[in-house]
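# Structure assessment
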Amino acid sequence: QVQLVESGGGLVQAGGSLRLSCAASGSIFSINTMGWYRQAPGKQRELVAVISSGGVTNYADSLKGRFTISRDNAKNTVYLQMNSLKPEDTAVYYCNALVTNNQLRVYNFWGQGTQVTVSS
């Protein structure tokens, strides 16, 4: 089994910054893509950003320039630096990882989510 543990969410004023972290642990042989998604109340979960094991990134078009995804492969950890936050960024942010386990099977895992609230 693999666990994804997120941290770094909270309440911030508009224009502020937050940095989310997500650490993967457990039966891990390798991790391919890691990423962040978010879900606002009454809306569907949407892509924020993803990053490959080689560092190739992909962002939601509306977030380019404000959010930066990065990862530390040695620590099996992915980060999301969020700057110039807006009230519409308020959502539960979920970590995602495509993991090859020690039995060489590939599974998609989700974290429990961390709340980000941006006040106006």
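Structure: above.
This structure is a prediction, so every number in the text was calculated from the model and none was measured.

Rules and cut-offs
- Residues numbered from 1 in each chain as written.
- Predicted model: local features only at pLDDT ≥ 70, side-chain atom pairs only at ≥ 80, totals over all residues.
- Heavy atoms only, no water.
- Helix = DSSP H or I, 4+ residues; strand = E, 2+ residues; numbered from the N terminus.
- Rg over C-alpha atoms; globule rule 2.2 N^0.38 Å.
- Buried < 20%, exposed > 50% of the residue type's maximum accessible area, 1.4 Å probe, protein only.
- Areas by Shrake-Rupley, 256 points an atom, 1.4 Å probe, with all protein chains shown as cover.
- Lys, Arg positive; Asp, Glu negative; His and termini not counted.
- Charge placed at Lys NZ, Arg CZ, Asp CG, Glu CD.
- Pairing = 2+ DSSP bridges.
- Axes fitted to C-alpha atoms, helices over the stretch in contact; angles between N-to-C directions.

Right, let's get into the overall build of the protein chain. In terms of helices and strands, the protein chain carries 0 helices and 11 strands. Listed N to C, the secondary structure of the protein chain is β-β-β-β-β-β-β-β-β-β-β in terms of helices and strands. A compact globule built from 120 residues should have a C-alpha radius of gyration of about 14 Å, and the protein chain, at 14 Å, falls within 12% of that. Across its three principal directions, the C-alpha atoms of the protein chain cover 50 × 25 × 25 Å. A burial count over the protein chain gives 44% of its 120 residues as buried. Total accessible area on the protein chain stands at roughly 6,300 Å², and carbon and sulfur atoms take up 48% of it. Seen as two clouds, the 10 positive and the 6 negative side-chain charges of the protein chain have centres 4 Å apart.

Next up on the list: the sheet that holds strand β3 (residues 18-26). Read across the open sheet, the 4 strands follow the order β1-β3-β8-β7; overall the sheet is antiparallel. Every interior strand has two partners, whereas the edge strands, β1 (2-7) and β7 (67-72), have only one. When strand polarity is set aside, the average angle formed by the axes of neighbouring strands in this sheet is 15 degrees. Direction of pairing for β3 relative to strand β8 (residues 77-82): antiparallel, over a ladder of 6 bridges. For Arg19, the partnering residue across the bridge sits in β8 and is Gln81.

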